[in-house]
Amino acid sequence: MTFPEAPAFRILHIDSSARPGLSGRDRHGSHSRRLSARFVQRWSRARPQDRVAYRDVGLAPPAHVDAEWIAAAFSPPEKRSDEQRARLAESDRLIAELMAADLVVIGAPMYNFGMPAPLKAWLDNIVRVGVTFGFDRKREGEPYWPMLPAGKRLVVLGARGDYGYDPGGRQADVNFVEAGLKAPLAYIGLRDADSIAIEYDEFADARLARSIAAAESAVDALVDRMIVGMNESVAA
């Protein structure tokens, strides 16, 4: 069966590892960068017409939220000073990239059970009142609501030194990477999420090799499944 081609798609590819290279190619390269690069490359081979925006927060971290940022974000836009608008300029750019994307692919290694600090800085910059989520204390029921356009998808591609962090695993209760990303992103409207991770990095033995192979196979299958799903939705 052949399907009509789905319309052009926009991908936001984010890496956050402190390691600049890719494992399997570069000395001391990153496993999460390896997976995210594989995902985007496979997607682009299948759909070269789609656009990819890339942001490396691991090597170029966003500024952390501070008192000046908070004061600016919670001031009415028409009352912000030039300094406040300047303080939010980076947040504005990050949010514009997110708003423009149909799919967000994040390379997110586990550092001390959570995400890298630069990725948390990115997250804090894009979860912003009045822009990506609404709040009205007088609103009946839930006072918060998401403001991202519907239909966006999230893919989190990770790496862990130990093993057993997936649901039902021996350390699932201390995996704060996927939960730490999925919860706030769902809060602003990005609820459709998948995740894949490489484990056993600190063991550096056959178990790591098997985990890499399984994760790469899972990435390939996810890309193929998503593209088929897009084509089927267009044909419906």
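For clarity, every value in this text was computed on a predicted model and none was experimentally measured.

Colleague: Give a detailed account of the nonpolar core, specifying residues and quantitative values.
Modeller: Core analysis: the biggest nonpolar cluster contains 27 residues, and Val 104, Ile 106, Leu 119, Trp 122, Ile 126 and Leu 185 have the highest contact counts within it. Of all elements in the fold, only β1 (10-15), α4 (89-100), β3 (103-109), α5 (117-126), β6 (153-159) and α6 (177-187) reach the threshold of two or more residues within this core. No other element matches α5, which puts 4 residues into this core. Sequence-distant contacts of Ile 106, that is, excluding residues within four places in its chain, are made with Ile 14, Leu 119, Trp 122, Leu 154, Val 155, Val 156, Leu 157, Leu 181 and Leu 185.

Colleague: So what's going on with the packing of α4 against α5? Residues and values would help.
Modeller: Axis separation between α4 and α5 bottoms out at 8 Å; the angle between their running directions is 85°. With respect to each other, α4 and α5 are oriented roughly perpendicular. Taking contact as the criterion, the partners of Ser 91, Leu 94, Ile 95 and Leu 98 in α4 are, on α5, Trp 122, Asn 125 and Ile 126. Taken together, the residues of the contact of α4 with α5 sort by class into 5 nonpolar, 2 polar and no charged.

Colleague: Mind laying out the sheet that holds β3, listing which residues take part and the relevant values?
Modeller: Pairing is parallel in the open sheet, where 5 strands are placed in the order β2-β1-β3-β6-β7. Either end of the sheet is taken by a strand with one partner, and the two such strands are β2 (51-56) and β7 (192-198). Geometrically, the sheet is characterised by an average inter-axis angle of 15° between neighbouring strands, direction not taken into account. Two elements, β1 and β2, share 6 bridges in a ladder whose sense is parallel. Across the sheet, the residue bridging to Ile 11 is Val 52, located in β2. Helix α1 (residues 31-46) contacts β1, β2, β3, β6 and β7 of the sheet and is inclined by roughly 140° relative to β6.

Definitions and limits used
- Residues numbered from 1 in each chain as written.
- Predicted model: local features only at pLDDT ≥ 70, side-chain atom pairs only at ≥ 80, totals over all residues.
- Heavy atoms only, no water.
- Core = buried A, V, L, I, M, F, W, Y, C linked by side-chain atoms within 4.5 Å.
- Buried < 20%, exposed > 50% of the residue type's maximum accessible area, 1.4 Å probe, protein only.
- Helix = DSSP H or I, 4+ residues; strand = E, 2+ residues; numbered from the N terminus.
- Contact = heavy atoms within 4.5 Å.
- Axes fitted to C-alpha atoms, helices over the stretch in contact; angles between N-to-C directions.
- Parallel < 35°, antiparallel > 145°, perpendicular 65-115°, else oblique.
- Nonpolar A, V, L, I, M, F, W, Y, C, P; charged D, E, K, R; others polar.
- Pairing = 2+ DSSP bridges.

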